[in-house]
Amino acid sequence: MPLEKLLGSKATRSLTVVSVLSEARKAFGRGDRTRGIALLGVAVLAWKWTVAGLAAQGLLKLVRGGGPSASDSSPA
């Protein structure tokens, strides 16, 4: 199935891991060690199971409200 082939590719796994690690870096930057450590664990899992990384990022977006960040929505 094409979707399984895409999600299983090394390039997709690498992009997912880099993306999750970027989110972890942002969490550590905000002082949220718990979320940062959890995301580091997800990054390890995302290398084996791409869907785990994608699901974690979607969940984070839902938890944070899913909209633009506060800096993006400042009045002009």
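Placed above this text is the structure.
Residues numbered from 1 in each chain as written. Predicted model: local features only at pLDDT ≥ 70, side-chain atom pairs only at ≥ 80, totals over all residues. Heavy atoms only, no water.

**Overview of the packing of helix H3 (residues 33-48) against helix H4 (residues 50-63)**
- Contact pair H3 / H4: the axes reach a minimum separation of 6 Å and the direction vectors enclose 150°. Between H3 and H4, the interaxial angle falls into the category roughly antiparallel. Along its contact with H3, which presents Arg35, Leu39, Val42, Leu45, Ala46 and Lys48, the element H4 presents Thr50, Ala52, Gly53, Ala56, Leu60 and Val63.
- Each residue belonging to the contact of H3 with H4 can be placed in one class, and the counts come to 8 nonpolar, 2 polar and 2 charged. (Axes fitted to C-alpha atoms, helices over the stretch in contact; angles between N-to-C directions. Helix = DSSP H or I, 4+ residues; strand = E, 2+ residues; numbered from the N terminus. Parallel < 35°, antiparallel > 145°, perpendicular 65-115°, else oblique. Contact = heavy atoms within 4.5 Å. Nonpolar A, V, L, I, M, F, W, Y, C, P; charged D, E, K, R; others polar.)

**Some words on the environment of glycine 36**
- Structurally, glycine 36 can be placed in helix H3.
- Each C-alpha atom, one on glycine 36 and one on glutamate 23, is 7.6 Å from the other, the two residues being 13 residues apart in sequence.
- Ignoring any residue separated from it by four or fewer positions in sequence, one finds glycine 36 in contact with Ala24, Ala27 and Phe28.

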